[in-house]
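Structural overview
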Amino acid sequence: MRIATWNVNSIRTRVDRVTDWLARADVDVLAMQETKCKDAQFPTMPFAALGYEIAHVGHNQWNGVAIASRVGLEDVQIGFDGAPSWQDIAEARAIGATCGGVRVWSLYVPNGRTLADPHYPYKLEWLAALRDAASSWTGPVALVGDWNIAPTDEDVWDPAVFEGSTHVSAPERAAFQAVIDAGYSDVVRPYTPGPGVYTYWDYTQLRFPKRQGMRIDFILGSADFAQRVTHAEIVREERKGKAPSDHAPVLVELT
DNA sequence: ATGCCTTCGAAACGAAGA
């Protein structure tokens, strides 16, 4: 079984690129982030034509997460228990479903904006709540998506540029590590060693051709998931060409 | 080749992204 995650940066803009890749890459389950649409606006038809069911949650033009699966889509859950709200609104940042016997969570971790912004403590609270919820989940579980954290200095193209910014702060890195300590591991890194290996490149300033990116999209697997992984890759080819997302898909293969 | 930012909704710009 092949499972992937991709911050698509608007599914309506990107649906052709996404479905083309799904078919080409023989993906069974795709978790998407930043769909940037309401449920009724999600383009389900091109996915259905390829045999994929869709679970999606989106309330407006921001955030939005989905799972496309051609191996079943059961027990869909929108949000996880204890997730904090942002300005009294429960945002569309997490959706879970069981696909082919694997519990898949598509996650879009809050950005944080700046260290002084209220969005930053919200990000940390959101991650702590995820850790708490995920601690009780059993069996093959995959926590996948855009984590908006570069866990080490090696995961940004120039640590000096990010000094004092979100994504690299010690509390964010500790919050990421806490999820790992709860029983999850990065199943992609062993197959994609650094340095200079990224999943995101800013649209501005030729960041992609200059290979100046960040590694912020992850597939974290429970022990039961991780032991089944036989291959993983970051598909940077999908960052190329006409109208790409600013993120590349990340893919794992399981026995 | 990898190419100088892109998305949305509302208004013809601004917020958000990381």
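First, a word on what this report is: a plain description of the structure on this page. (Residues numbered from 1 in each chain as written. Chains lettered and ligands numbered in written order. Predicted model: local features only at pLDDT ≥ 70, side-chain atom pairs only at ≥ 80, totals over all residues. Heavy atoms only, no water.)

**Details of the protein's contact with DNA strand B**
Using the following cut-off: Any residue with at least one heavy atom within 4 Å of a molecule or strand is counted as near it. N or O atoms closer than or at 3.5 Å make up a polar contact, with two conditions inside protein: a donor-capable atom paired with an acceptor-capable one, and, for residues adjacent in sequence, both atoms drawn from side chains. Each helix is a run of DSSP H or I of at least 4 residues and each strand a run of E of at least 2, with the numbering of both proceeding from the N terminus.
The full set close to DNA strand B counts 28 residues, and Asn111, Arg113, His167, Pro209 and Lys240 are the nearest of them. When the atoms of DNA strand B within 4 Å of the protein are sorted by group, sugar and phosphate make up 78%. Contacts to DNA strand B include Tyr108, whose side-chain N or O atom sits 2.8 Å from a phosphate oxygen. Between DNA strand B and His247, the relevant distance is 3.2 Å, taken from a phosphate oxygen to a side-chain nitrogen or oxygen of the residue. Of all the elements, helix α1 (residues 11-25) adds the most residues to the surface near DNA strand B, at three residues.

**A closer look at the pattern of salt bridges**
Here is the rule we go by: By definition here, a salt bridge exists when the distance from a side-chain nitrogen of Lys or Arg to a carboxyl oxygen of Asp or Glu is within 4 Å. Exposure classes here rest on a 1.4 Å probe applied to the protein chains alone. A residue is buried below 20% of its type maximum, exposed above 50%, and partly exposed in between.
Under the counting rule described, the total for this entry stands at 14 salt bridges. Across the salt bridge formed by Glu253 and Arg2, the nearest N and O atoms sit 2.8 Å from each other. Of the two residues, Glu253 sits in strand β12 (residues 250-254) while Arg2 sits in strand β1 (residues 2-7), which places them 251 residues apart along the sequence. Taking the relative accessible area as the measure of exposure, Glu253 reaches 28% and is therefore partly exposed.

**Observations concerning the packing of helix α3 (residues 119-135) against helix α5 (residues 170-181)**
The condition that has to hold: Between N-to-C directions, angles cover 0 to 180 degrees, with each direction set by a line fitted to C-alpha atoms, over the stretch in contact for helices. Angular relationships are summarised with four words: roughly parallel below 35 degrees, roughly antiparallel beyond 145, roughly perpendicular across 65 to 115, and oblique for the angles in between. Should any heavy atoms of two residues lie within 4.5 Å, those residues are counted as being in contact.
Two elements in contact, α3 and α5, have axes separated by 9 Å at closest approach and are oriented at 10°. Considered as vectors, α3 and α5 are oriented roughly parallel to each other. When α3 is examined against α5, the residues Tyr120, Lys123, Leu124, Leu127 and Arg131 are found in contact with a partner set consisting of Pro171, Glu172, Ala175, Ala178 and Val179.

**What to know about the sheet that holds strand β4 (residues 65-69)**
To keep things clear, this is the line we draw: Strands were regarded as paired on the criterion that DSSP finds at least two bridges between them.
Spatially, β3-β4-β2-β1-β12-β11 is the arrangement adopted by the six strands of the open sheet, whose pairing is mixed. In this open sheet, the two strands that pair with only one neighbour each are β3 (53-57) and β11 (229-234). Sheet twist, expressed as the mean angle between neighbouring strand axes with direction ignored, is 10°.

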